[in-house]
Amino acid sequence: MTSSGYMAHWWRYFEGIIAPSIWATLRMLSVSMVLSLILGFILAYFLILYGPQGLRPNNTRYKFLDFIVNSIRSFPIIILIVAISPLTRMIVGTSIGEKAAIFPLTIAATPFMARIIENSLKGVDRQLIEAARSFGASDFQIIMKVMVKESVPMIVAGTTLSTITFLSATTLAGAVGAGGIGAVALNYGYQSFNNTVLYTSVFILFIMVLVIQWVGDWLYKRML
Amino acid sequence: MITANGIVKSFGAAHVLRGLDLAIGKGSIYGLAGRSGAGKSTLLRCINGLEGYDRGSLIVDGTDVKTLGRREMMAFRKNIGMIFQQFSLLERLNVYDNVALPLRCWKYGARTIDARVRDLLEIVGIPEKIKQRPREFSGGQKQRVAIARALTMDPHILLCDEATSALDPKTSQAIMNLLKEINSSMGITIVVVTHQMSVIRGLCKEIAILENGRIAASGPVGDVFREQPRALKNLMGEDSARVSRTLERAATMLLPDTVTGLFISRMAEELGVEVTIKGSNPHVPGFVVAVPGEVRRDVEGYLSARGVRWRSLAGKDRGSSYEDGYKERIRAVNADML
């Protein structure tokens, strides 16, 4: 094949298969990250509230939430995807494809984010919390206006970490029919013995990780 | 203003307060003194309900603290401001947002907040720093911000938990002056927890000394110092012993800048430890700290002090700030200075 012929060949793959899959991955990643951030935050709120050194310690409630978080986190992501596929089918309508992947991804990412946020909030100086109590702030205000405000940089760092981790999870989702760049790498690249597609996909994933990390670092510095 | 009767408080097996009686009058600057672990901070925190107590009664500004439910307690705390040893400011916010925080929690309007914050920063003396972040500030400036925050709700009472313990003597004095000013011009009752003699002498009008979970001595500061009750002697002794132990490990040094030397002498003075400062090598101006009893006359008639390395006693610098020193004989400027 001539050089320009190769380029045209490559471009066809890129345009036809690889580029759409990048969008698919980005969609899966962003939706599941945003949802898990919100849900994870709510979970972290109650963990912080009821924890042993929390604002309103309640051992029973904390242990219950803690158990849920630990249990979900103990599932390898691909097992989780498969294990809750009946639930996925019930809620999303199908257990295959992009939309179907977002559901288990969110379920898996939520406790991960919850722990990250909980740890960030726990890192706030206890004296600050006392000071806020001393002028009559409510528990909600202490968490939102003091603890969260102080731990934004840590939460940003944790979210960056989590996003990169779940980027690899989206590639796994490809193995169960979700599409995305991992699926392309696996199906069109590896299993089809097409090194061009394989290595292009790998390279794109590499760039994505770099970009996410770069954005995360920039945001962290801005938030300090 | 604040009356305590028979307060008993234990943390598990540790009986911190054992039947404590106390009466703090309106407009007073009342010191709670005692050794570390005597229960003074605990008692202070009982006043605004940050700490509960097991038995007894505590009436603050007409309210029995034990009767307050959660919401009532929050409202009750509007009337009591509090400042801490480590300032407890939010690092990510600027001065304005730090001081405005209580007002925002209590849902005051933006214009009210703005006026109040500016007002308070004038009172504490740092109006120009309004948009800066306290992160870069000195301890004294941070404490001023903290004081401004504590005063936002116009409290009748201000609680100070070792508020000057992390500050150097000069800054401590400035903060104490500010507190005295606040007390006299705004009539706020101030309760001060401290272990420092300088604070008792320099700020408090009345004092109570805690020993073994009870008040061992109390009254106007002048009276207590005049009568010299055993509790006071214990406290001062404890203070001196601690300081002497630290100074014993301090070095004789020739300091190239005399300001540091002055600082040492003032620090020692306000700690109530006697030191002798003598002139030294005329080519290198400087000062020396000598521990009483460690100075002796050597064969050439010079007074010499044992070499020891000085450590700062202020808050977070404990043990970390020292000058390189070396032993040096000192010529006594005035032999009977000892």
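Parameters and conventions
- Residues numbered from 1 in each chain as written.
- Chains lettered and ligands numbered in written order.
- Predicted model: local features only at pLDDT ≥ 70, side-chain atom pairs only at ≥ 80, totals over all residues.
- Helix = DSSP H or I, 4+ residues; strand = E, 2+ residues; numbered from the N terminus.
- Buried ≥ 20, exposed ≤ 12 C-beta atoms within 10 Å, placed from the backbone.
- Contact = placed C-beta atoms within 7 Å.
- Core = buried A, V, L, I, M, F, W, Y, C linked by C-beta atoms within 7 Å.
- Pairing = 2+ DSSP bridges.
- Axes fitted to C-alpha atoms, helices over the stretch in contact; angles between N-to-C directions.
- Nonpolar A, V, L, I, M, F, W, Y, C, P; charged D, E, K, R; others polar.
- Parallel < 35°, antiparallel > 145°, perpendicular 65-115°, else oblique.
- Left-handed = near helix turned anticlockwise from the far one by under 90°.
- Expected span 1.5 Å × (residues − 1).
- pLDDT = per-residue confidence, 0-100.
- Bend = angle between axes of the 7 residues up to and from the residue.

J.: Mind showing me how you'd approach the overall build of chain B here?
T.: Each helix and strand in chain B was counted, giving 10 helices and 13 strands. Out of the 338 residues belonging to chain B, those deemed buried represent 41%. Expressed as a percentage of contacts within chain B between residues at least 6 apart in sequence, the contacts between residues at least 24 apart total 68%.

J.: What is the right way to look at the overall build of chain A in this model?
T.: Helix and strand content of chain A: 9 helices and 0 strands. Moving toward the C terminus, one meets the helices and strands of chain A in the order α-α-α-α-α-α-α-α-α. On the principal axes, the C-alpha backbone points of chain A span a range of 75 × 40 × 25 Å. Of all 224 residues assigned to chain A, the portion counted as buried reaches 39%. By sequence separation, contacts in chain A at least 24 residues apart represent 70% of the contacts at least 6 residues apart.

J.: Just checking my understanding: could you explain unusual backbone geometry for this structure?
T.: Glycine aside, negative phi is the norm for most residues, and most peptide bonds take the trans geometry. Residue and element names in this part refer to chain B. Even without being a glycine, lysine 107 presents a positive backbone phi close to 60°. Relative to the elements of secondary structure, lysine 107 occurs in the loop between helix 3 (95-105) and helix 4 (110-124). The phi angle at glutamate 162 is positive, at roughly 55°, despite the residue not being glycine. In this structure, glutamate 162 sits in the loop between strand 7 (157-161) and helix 6 (169-186).

J.: Explain the nonpolar core here, please?
T.: What tends to happen in soluble globular proteins is that the nonpolar side chains get buried as a cluster. A:Leu105, B:Leu32, B:Ile47, B:Leu159, B:Cys160, B:Val191 and B:Val192 are the most contacted members of the largest nonpolar core, which totals 126 residues. A per-element tally of this core places helix 5 (residues 98-122) of chain A first, with 14 residues. Setting aside anything within four residues of it in sequence, one finds B:Val192 in contact with B:Ile29, B:Tyr30, B:Gly31, B:Leu32, B:Cys160, B:Val199, B:Leu203 and B:Cys204.

J.: What is the right way to look at the environment of A:Tyr190 in this model?
T.: Residues and elements named next belong to chain A. Tracing the sequence through the fold places tyrosine 190 in helix 8 (residues 181-190). Under the C-beta neighbour-count criterion, tyrosine 190 is labelled partly exposed, with 14 such atoms within 10 Å. Among residues more than four places away in sequence, those in contact with tyrosine 190 are Ala185 and Leu198.

J.: Which parts of the structure should I look at to understand the sheet that holds strand 5 (residues 63-64) of chain B?
T.: All names here are of chain B. Taking strand neighbours across the sheet as the criterion, the 4 strands line up as 2-1-4-5 in an open arrangement whose pairing is antiparallel. The sheet terminates laterally at strand 2 (14-24) and strand 5, the two strands that pair on one side only. Bridge count between strand 4 (residues 55-60) and strand 5: 2 bridges; the pairing is antiparallel. Counted as the bridge partner of valine 60 is threonine 63 from strand 5. Most of the contacts of helix 1 (residues 40-47) go to strand 2, to which it runs at about 60°, and overall it touches strand 1 (2-11), strand 2 and strand 4.

J.: What's the story with the pairing of strand 8 (residues 189-194) of chain B in this structure? I'm lost.
T.: On a regular strand, each side chain points to the face opposite its neighbour's, so the side chains alternate between the two faces of the sheet. Residue and element names in this part refer to chain B. Counting buried residues in strand 8 gives 6 out of 6 residues, a clear majority hidden from the surface. The two faces of strand 8 match: Thr189, Val191 and Val193 on one face and Ile190, Val192 and Thr194 on the other face are all buried. Pairing between strand 3 (residues 29-34) and strand 8: 5 bridges, direction parallel. In the sheet register, tyrosine 30 faces strand 8, and the bridge partner there is valine 191.

J.: Which parts of the structure should I look at to understand the environment of B:Ser218?
T.: All names here are of chain B. With respect to the element layout, serine 218 can be found in strand 10 (residues 214-220). In this structure, the C-alpha to C-alpha distance between serine 218 and alanine 33, residues 185 residues apart in sequence, is 9.8 Å. Discounting residues that sit within four places of it in the chain, serine 218 has contacts with Ile207, Ala208 and Ile209.

J.: Explain the sheet that holds strand 9 (residues 206-211) of chain B to me, please; I cannot follow it from the model alone.
T.: Sheet strands associate in pairs through backbone hydrogen bonding, adopting either a parallel or an antiparallel arrangement. Residue and element names in this part refer to chain B. Pairing is mixed in the open sheet, where 6 strands are placed in the order 6-7-8-3-9-10. In this open sheet, the two edge strands, each paired with only one partner strand, are strand 6 (80-83) and strand 10. Mean inter-strand twist for the sheet, computed between neighbouring axes without regard to direction, equals 15°. Across the sheet, helix 5 (residues 139-150) touches strand 6 and strand 7, and the angle it forms with strand 6 is around 165°.

J.: Sorry if this is basic, but what is going on with the interface of chain B and chain A here?
T.: Buried accessible area, meaning the area lost when the parts come together, often serves as the stated size of an interface. Facing the 18 residues of chain B at the interface are 16 residues of chain A. Among the elements that take part in the side of chain B that touches chain A, helix 3 of chain B stands out by supplying 3 residues, more than any other. Split into classes, the residues belonging to the side of chain B that touches chain A amount to 11 nonpolar, 3 polar and 4 charged.

J.: What am I meant to see in the packing of helix 5 of chain A against helix 7 (residues 139-173) of chain A here?
T.: Relative placement of two packed helices is described by the angle separating their axes and the distance separating the axes. Residues and elements named next belong to chain A. Where helix 5 contacts helix 7, the two axes come as close as 9 Å, and the packing angle between them is 150°. When the axes of helix 5 and helix 7 are compared, the pair comes out roughly antiparallel. As for how helix 5 packs across helix 7, the hand of that crossing is right-handed. Residue-level contacts link Ala101, Leu105, Ala108, Ala109, Phe112, Met113, Ile116, Ile117, Ser120 and Leu121 of helix 5 to Met147, Val148, Ser151, Met154, Ile155, Gly158, Ser162, Phe166, Ala169, Thr170 and Ala173 of helix 7. In terms of residue class, the contact of helix 5 with helix 7 is built from 16 nonpolar, 5 polar and no charged.

J.: Could you clarify how one ought to interpret the environment of B:Ile59 in this entry?
T.: All names here are of chain B. Turning to its location among the elements, isoleucine 59 is positioned in strand 4. Overall, isoleucine 59 belongs to the partly exposed group, with 16 C-beta atoms counted inside 10 Å. Taking the C-alpha atoms as reference, isoleucine 59 lies 9.7 Å from alanine 23; in sequence the two are 36 residues apart. Residues in contact with isoleucine 59, not counting those within four places in the same chain, are Thr3 and Asp64.

J.: Quick question: what am I supposed to make of helix 5 of chain B here?
T.: Helical geometry note: an α-helix holds 3.6 residues per turn, so side chains three or four residues apart project in the same direction. All names here are of chain B. Across its 12 residues, helix 5 extends 16 Å between first and last C-alpha, which sits within 8% of the 16 Å expected from 1.5 Å per residue. Across the 12 residues that make up helix 5, a large majority, 11, are buried. Gly139, Gly140, Lys142, Gln143, Arg144, Val145, Ala146, Ile147, Ala148, Arg149 and Ala150 are the residues of helix 5 that are buried.

J.: Please explain the confidence of the model for chain A as it appears in this structure.
T.: Close reading of the predicted structure is inappropriate where its pLDDT is low. Mean pLDDT over chain A works out to 90, with 99% of the residues at or above the 70 mark. Of all helices and strands in chain A, the one with the weakest mean pLDDT is helix 8 of chain A (85), whereas helix 2 (residues 59-73) of chain A scores best (95).

J.: Any chance you could explain helix 5 of chain A here in plain terms?
T.: Residue and element names in this part refer to chain A. In this model helix 5 runs 35 Å from its N-terminal to its C-terminal C-alpha over 25 residues, within 8% of the 36 Å that 1.5 Å per residue would give. A bend of about 25° at alanine 109 is the largest found in helix 5, and the proline proline 111 appears one to four places after it. When you tally the buried positions in helix 5, you get 21 out of 25 residues, the bulk of the element.

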